Amino acid sequence: MRPLPNTADGNRPGKRAILAQAFAQELAGAASRVEAALETLLPRESDTAIAAAMRYAVLGPGKRMRAFLTLATSALFAVPQAQAVRAAAAIECLHAYSLIHDDLPCMDDDDLRRGRPTVHVLWDEATAVLAGDALQTLAFGILADPATHPEGAVRAALCAGLARASGAGGMVGGQALDIAAETAATPLSLDEITRLQALKTGALIAFAAEAGGILGLAGTMARRALLGYAQALGLAFQIQDDILDIEGDADAAGKRLRKDDAAGKATFVSLLGLEAARRQAQETVAEAVGWLDAFGAAADPLRRLARFTVERQR
């Protein structure tokens, strides 16, 4: 981790570091609220090995960026926090399922996630597959429950949105493109990488933002602004991931780095170069923030999240 910059007196952290620390606390507070809900929504650890693996995957360390996104967008429309937290918890379950399956030997074959053994390493491949399957179905069960919203049409819209974001036209489709790229005759182009990541990473991030608008019965223009913000945010997040894969610290990241580089896979860094990738990430964050103008100061948490996306070190 880089040392915090100092102010002119050489004693106190600089303004940027203070703001970063404040946002870290804000992010941790949102994570705490969602994790408290997950504690009750997940099956008890003592029930089965599947239940234990589900809890291990979901309740382990993580930024909870997607959950924060749902809570912050819900707040724009005065959504009751209990409803917003449930939607955020569902998205975290879906995200955890995707990570379990991504780590499998037939996918990315990773043995470390967030500094801990992956689920298939700690248990076995069958348990990992089933735990992921169970988390996926739990996510939809949470959204379909009347406790998430009293109106059935809203619950249906949440389920439909999550299905689009996570299926063949979203996260799963992006993962399929990523696997196909490993054996492609030529590396992917910049446009192809952008599309791949918009599906694999960006689609669920976009839904996390849209979920707040769905819960809050937001109008078309407001939801379009949230989608524009989230799509740019997701792209910036992936560019920063590619940067950190090259110059990051494996201990801080909690996973193996430079795998794509070693495999000769195209990334934003390999196609743009490190400095150009940094500039692109900053420009994309500026684009994301621009979509928030209509919300005024109420969207400041989303602006802070955008800055965090490209300033994070893991």
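Since the model is a prediction, treat every value here as computed from it, not as a measurement.

Chemist: Is there a simple way to explain the overall build of the protein chain in this structure?
Modeler: A count of helices and strands for the protein chain gives 15 helices and two strands. Per-residue burial over the protein chain gives 47% buried out of 314 residues. Put simply, 71% of the contacts in the protein chain that link residues at least 6 apart link residues at least 24 apart.

Chemist: What's the story with the side chain of Thr118 in this structure? I'm lost.
Modeler: With respect to the helices and strands, the residue Thr118 is situated in the loop between strand S2 (116-117) and helix H5 (119-122). A relative accessible area of 2% places Thr118 in the buried class. What Thr118 contacts, discounting residues up to four positions off in sequence, is Asp103, Asp110, Asp111, Leu112 and Arg113.

Chemist: Before we go on, may I ask you to explain the pattern of salt bridges in this structure?
Modeler: Should their charged atoms come close, side chains of opposite charge can pair. In this structure the tally under the stated criterion is 12 salt bridges. Its salt-bridge partner being Asp47, residue Arg44 comes within 3.2 Å of it at the nearest N-O pair. On the accessibility criterion, Arg44 (59% relative accessible area) is exposed. Overall, Asp47 belongs to the partly exposed group, its relative accessible area being 40%. For Arg86, the salt bridge is made with Asp145, and the minimal N-O distance between the two is 4.0 Å. Remark: Asp145 occurs in the loop between helix H6 (125-144) and helix H7 (152-166) and Arg86 occurs in helix H4 (residues 81-102); sequence separation between them is 59 residues. One salt-bridge network, held together by shared partners, links Glu35, Arg64 and Glu92.

Parameters at a glance
Residues numbered from 1 in each chain as written. Predicted model: local features only at pLDDT ≥ 70, side-chain atom pairs only at ≥ 80, totals over all residues. Heavy atoms only, no water. Helix = DSSP H or I, 4+ residues; strand = E, 2+ residues; numbered from the N terminus. Buried < 20%, exposed > 50% of the residue type's maximum accessible area, 1.4 Å probe, protein only. Contact = heavy atoms within 4.5 Å. Salt bridge = Lys/Arg side-chain N within 4 Å of Asp/Glu carboxyl O.

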